[in-house]
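Chain residues, written in single-letter form:
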Amino acid sequence: MPATMEDVQAAAARLKFTVPVGHEQDYLTLLNATEKAAETLLAIPAYYTPLDTDRFPRKDVHNPDDKENPLKGWGWKVTIEGTKDGILKGKTAVAKDTVCVGNVPLLFGTNAFKDYIPTVDATVITRILENGGTFIGKATCENFSHGASSFSSPFGPVQNPYAHGFSTGGSSSGCGALIGSGAADMGIGGDQGGSIRIPASLCGIVGLKPTYGLVPYTGVLSSDTGVDHVGPMARNVLDTALLLQAIAGYDDIDDRQLGAPLPCDVPKYGEIVLKNRSNKEYMKGIRIAVLKEGFENKALDPNVEASVRAAIEGLKKLGAVVEEVSVPLHLNGGDMSHIINKYASSQTRQGRQVGRRGLYLVDYWKKLLPWTQEKYDLAKYYVTGTSMSAEFGWSKYPTVYGHAMNLSRRLRDEYNEVLSKYDAVVMPTVMTPARRHVAPESGPLAWTQSAPGITANTSASNLTGHPTISIPCGFTPPSKVDILSPEDEKIKLPCGMMFMGKIFQEETILSIADAWEQAYDWKSL
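In this report, the structure presented in the accompanying data block is examined. Residue numbers run consecutively from 1 along every chain, following the written order of its sequence. Local features in this predicted model are restricted to residues whose pLDDT is 70 or higher, and side-chain atom pairs enter the listing and the counts only when it is 80 or higher, whereas totals over whole chains, interfaces and linings include all residues. With hydrogens and water set aside, each side-chain value is computed from the structure's full complement of heavy atoms.

**Structural notes on the overall build of the chain**
Thought 1: Secondary structure follows DSSP: runs of H or I at least 4 residues long count as helices, runs of E at least 2 residues long count as strands, and numbering of each begins at the N terminus. A tally of regular secondary structure across the chain gives 16 helices and twelve strands.
Thought 2: Taken over the C-alpha trace, the chain has a radius of gyration of 23 Å; the compact-globule value for 525 residues is 24 Å, and the two agree within 12%.
Thought 3: For the exposure calls, accessible area comes from a 1.4 Å probe over protein chains only, and a residue counts as buried if that area is under 20% of its type's maximum, exposed if over 50%, partly exposed in between. Relative to its 525 residues, the chain shows a buried fraction of 55%.
Thought 4: Residue contacts are defined here by distance: any two heavy atoms, one from each residue, within 4.5 Å place the two residues in contact. For the chain, long-range pairs separated by at least 24 residues make up 77% of all intrachain contacts whose partners lie at least 6 apart in sequence.
Thought 5: In the structure as shown, the chain presents an accessible area of about 22,200 Å², 55% of it carried by carbon and sulfur atoms.
Thought 6: For the charge count, each Lys or Arg is scored as positive and each Asp or Glu as negative, with His and the chain ends excluded. Every charge is mapped to an atom, namely NZ of Lys, CZ of Arg, CG of Asp or CD of Glu. Looking at the chain, you have 52 positive and 57 negative side-chain charges, and the mean spots of the two groups are 3 Å apart. Two things to know: the radius of gyration comes from C-alpha atoms, and the globule rule equals 2.2 Å times the number of residues to the power 0.38. Here, Shrake-Rupley sampling with a 1.4 Å probe gives the accessible areas, and only protein chains in the shown set may cover a residue.

**Re the nonpolar core**
Thought 1: Residues Ile288, Met497 and Phe499 are the most contacted members of the largest nonpolar core, which totals 72 residues.
Thought 2: Considering every element that reaches this core, the biggest residue donor is helix α6 (residues 237–247), with eight residues.
Thought 3: Among residues more than four places away in sequence, those in contact with Phe499 are Ile288, Leu315, Ala424, Val425, Val426, Pro467, Thr468, Ile469, Ile471, Ile509, Ile512 and Ala513.
Thought 4: To form a nonpolar core, buried Ala, Val, Leu, Ile, Met, Phe, Trp, Tyr and Cys residues must be joined to one another through side-chain atoms within 4.5 Å. Val325, Leu411, Val418 and Met427 belong to the second-largest nonpolar core, a separate cluster that totals 22 residues.

**Focus: the sheet that holds strand β11 (residues 468–476)**
Sheet strands line up and pair through hydrogen bonds in the backbone, either parallel or antiparallel.
Thought 1: We call two strands paired when DSSP finds no fewer than two bridges between them. Strand order in the open sheet formed by twelve strands is β1-β2-β4-β3-β5-β7-β6-β11-β12-β10-β8-β9, and the pairing between neighbours is mixed. A single partner strand is all that each edge strand has here, and the edge strands are β1 (59–62) and β9 (321–325). Taking each pair of neighbouring strands and ignoring which way they run, the sheet shows an average axis angle of 25°.
Thought 2: Inspection of the sheet shows strand β5 (residues 186–191) paired to strand β7 (residues 229–234) by six bridges, in the antiparallel sense. Bridging from a neighbouring strand, Met186 pairs with Ala234 of β7. An axis is simply a line fitted to the C-alpha atoms; with a helix, the fit covers only the stretch in contact. Between two such axes, the angle follows the N-to-C directions and lies from 0 to 180 degrees.

**Comments concerning the environment of Asn111**
Thought 1: As for its position among the elements, Asn111 is in the loop between β3 (92–96) and α3 (123–130).
Thought 2: Classification of Asn111 by relative accessible area gives partly exposed; the value is 22%.
Thought 3: Taking C-alpha positions, Asn111 is 25 Å from Pro161, a pair spaced 50 residues apart along the chain.
Thought 4: In this view, Asn111 contacts Pro154, Phe155 and Leu378; residues no more than four positions away in its chain are not counted.

**Looking at the environment of Pro50**
Thought 1: For Pro50, the position within the fold is in the loop between α2 (24–42) and β1.
Thought 2: By relative accessible area, which is 79% here, Pro50 ends up exposed.
Thought 3: Linking Pro50 and Gln518, residues 468 residues apart in sequence, is a C-alpha distance of 42 Å.

**Examining the packing of helix α9 (residues 333–349) against helix α13 (residues 400–419)**
Thought 1: Axis separation between α9 and α13 bottoms out at 9 Å; the angle between their running directions is 135°. By the angle between their axes, α9 is oblique relative to α13. Judged by the sense of rotation from one axis to the other, the crossing of α9 with α13 is left-handed. Taken together, the residues of α13 that come into contact with α9 (itself represented by Met336, Ile339, Ile340, Tyr343 and Ala344) are Val400, Tyr401, Ala404, Met405, Leu407, Ser408 and Leu411. Our angle categories are set so that under 35 degrees counts as roughly parallel, over 145 as roughly antiparallel, 65 to 115 as roughly perpendicular, and the remainder as oblique. Two helices crossing with the near one rotated counterclockwise from the far one by less than a right angle form a left-handed crossing, whereas a clockwise rotation gives a right-handed crossing.

**Description of unusual backbone geometry**
Thought 1: Pro157 follows Gly156 through a cis peptide bond whose omega is 5°.
Thought 2: In this structure, the amide linkage connecting Gly170 to the following residue, Ser171, adopts the cis form with an omega of 10°.
Thought 3: Secondary-structure assignment places Ser171 in the loop between β4 (134–139) and α4 (173–181).
Thought 4: Although it is not a glycine, Lys16 adopts a positive phi angle of roughly 55°.
Thought 5: For Asn103, which is not glycine, the phi dihedral falls at a positive 70°.
Thought 6: Of the residues examined, Asn103 reaches a relative accessible area of 41% and is grouped as partly exposed.

**Topic: the pairing of β11**
For a regular strand, the rule is simple: side chains alternate between the two faces of the sheet.
Thought 1: Buried residues dominate β11, accounting for nine of its nine residues.
Thought 2: Pairing between β11 and strand β12 (residues 493–500): eight bridges, direction antiparallel. Paired with Gly474 across the two strands is Cys495, which belongs to β12.

**Thoughts on the pairing of β3**
Thought 1: Buried residues dominate β3, accounting for four of its five residues.
Thought 2: In the sheet, β3 pairs with β4 via five bridges, with the strands oriented parallel. Following the sheet pairing, Thr92 is matched in β4 by Thr134.
Thought 3: Here the term right-handed applies to a crossover when the path leading from its first strand over the helix to its second strand runs clockwise, the strands being oriented away from the viewer. A crossover connection joins β3 to the parallel β4 through α3; in handedness this β-α-β unit is right-handed.
Thought 4: In terms of strand pairing, β3 meets β5 through three bridges, oriented parallel. In the strand pairing of β5, Ala95 is matched with Ile188.

**A few points about the pattern of salt bridges**
Thought 1: When a carboxyl oxygen of Asp or Glu lies within 4 Å of a side-chain nitrogen of Lys or Arg, that pair is called a salt bridge. Within the structure shown, the criterion is met by 25 salt bridges.
Thought 2: The salt bridge involving Asp514 is made with Arg277; its shortest N-O contact spans 2.8 Å. Highlighted residues: Asp514 in helix α16 (residues 506–519) and Arg277 in helix α7 (residues 269–278), separated in sequence by 237 residues.
Thought 3: Sharing partners across several salt bridges, the network here consists of Asp228, Asp254, Asp255, Arg256 and Arg356.

**Looking at the packing of helix α1 (residues 5–15) against α2**
Thought 1: At a minimum axis separation of 9 Å, α1 and α2 run at an interaxial angle of 95°. One element, α1, and the other, α2, form an angle in the roughly perpendicular class. Contacts between α1 and α2 involve Met5, Asp7, Val8 and Gln9 from the first element and Glu24, Gln25, Tyr27, Leu28 and Leu31 from the second.
Thought 2: Residues belonging to the contact of α1 with α2 are distributed by class as follows: five nonpolar, two polar and two charged. For this classification, the nonpolar set comprises Ala, Val, Leu, Ile, Met, Phe, Trp, Tyr, Cys and Pro, the charged set comprises Asp, Glu, Lys and Arg, and every other residue, Gly included, is treated as polar.

**Quick look at α3**
Thought 1: The element α3 is largely enclosed, with a buried count of six among its eight residues.
Thought 2: Among all positions in α3, only Thr123, Val124, Ile125, Arg127, Ile128 and Leu129 are buried.
Thought 3: Looking at the buried residues of α3, the elements they touch are β2 (74–81), β3, β4, β5, β7 and α6.
Thought 4: Remark: Gly132 follows α3 within two positions and exhibits a positive phi of approximately 95°.

**Some thoughts on the packing of aromatic side chains**
Thought 1: We call Phe, Tyr and Trp rings a pair once their centres come within 6.5 Å, taking the six-membered ring for Trp, and we label the pair stacked below 30 degrees between planes, edge-to-face above 60, and tilted otherwise. Counting across every chain of the model gives 21 aromatic pairs.
Thought 2: For the pair Tyr381 and Trp447, a centre-to-centre distance of 5.0 Å together with 75° between the ring planes defines the contact as edge-to-face. Placement of the pair is Tyr381 in helix α12 (residues 381–396) and Trp447 in helix α14 (residues 444–448), with a sequence separation of 66 residues.
Thought 3: Assessed through its relative accessible area of 0%, Trp447 is described here as buried.
Thought 4: Note on geometry: a ring has a charge over it if NZ (lysine) or CZ (arginine) is within 6 Å of the ring centre and within 35 degrees of the ring normal. The positively charged end of Arg309 is found above the aromatic ring belonging to Phe295, 3.9 Å away from the centroid.
Thought 5: Over the ring of Tyr360 we find Arg356, and its NZ or CZ is 5.6 Å from the ring centre.

Taken by themselves, the reported measurements are silent on function.
Rendered as structure tokens:
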């Protein structure tokens, strides 16, 4: 239907622009040129990456019942067998339910839209299958993949494998539950502010956020292209290394990957880890910086601090040189992440994805848009809180997004200065043990305050692009406020230690993490 003069006036009103007298017909002609271009393009069939169900057929696609899904970690189940050989042979894998798997429903942790069935496989899924892995299902994520706890999905809450009623962390909550409980060997998490490493820390598994762009994001629902990462989660460091090796490398689609190696040039992370493991002198001479500011957040639980500091002492015993360093701007990483994530993800959620080249999941946006009050009510408070904060911010502080991005580059440079002298930087992954679930009806402020400081250490490397890995380093009791009875004092919850490394040098932090893991049984600490 051609544009009308009402469309001209409506567009002008949204821009707070008054069309000069006599120019109305000119602008109507311009709008109709846009109308014609849009209609012409929409008449051309969509162009997606091909789906090879002959090579990798989908079997037993089903929504699991409560008996099959005791932790609420499954979003959807399926069996897709990979090639007969490869570095992932014999391994079972899941993926956060932001990752497209062709002909398998994608829930995105929400009921604000229904019946979205992707027609493509994300690049990471294809690579798992091509490397011999068996894909067994989609792992629950938080509502619109938003939030660092695990109670926001209408299909949840997702339960911690070590204590029912406690969070797995989010937003890759299902991956934490399924891998931590042994239901899967490994998985693909997504991470814009800590969503791989937080569930890893709280569920007693390993999670690695790769260097920005090392792993293709193609076929994964985006939050903000500037901080989007997907990466491996597993029960041990070696499996994490093998999964990273399988999925890393440029795919010729995702422009986040400019500068990433081709798949044939990706380091053999698994072999490197094993080689360094066999070298009993490997840790001698490794230099590790303890980030002073990583322990200065007021939310830091004393038991978590004690566990991480004891683990760092273990690095010394292995021969590493361990010294404290200071990067004061690290303490502002949370503010940078707050602005960048809210300003950008709010626009993405409105379908305003511009300024990049890659695979656009247009069929998803057709399901979601336009937003209505009912959809906002179903999306719940992380989404509505972000949307409201961003609209306020863009109106009152329209330049702060760019300022925050520039400051994040300064933070990157300051980390790089430290990493020019050290092999890795270490700090706690999360400030507290897993917290109890918040009641879904509690309201937006209670949701936001459910886990103070939870992204204080994780979010900065999303902005700077550095690789970071969380490994479990011991158990702690619950936070004091979550001990409601004498029996609760017996609960043991995992906590994590996080290493940051040089950009595109994942093999170093993997090898350091493996050395610690091989030397100490975290479950006995």
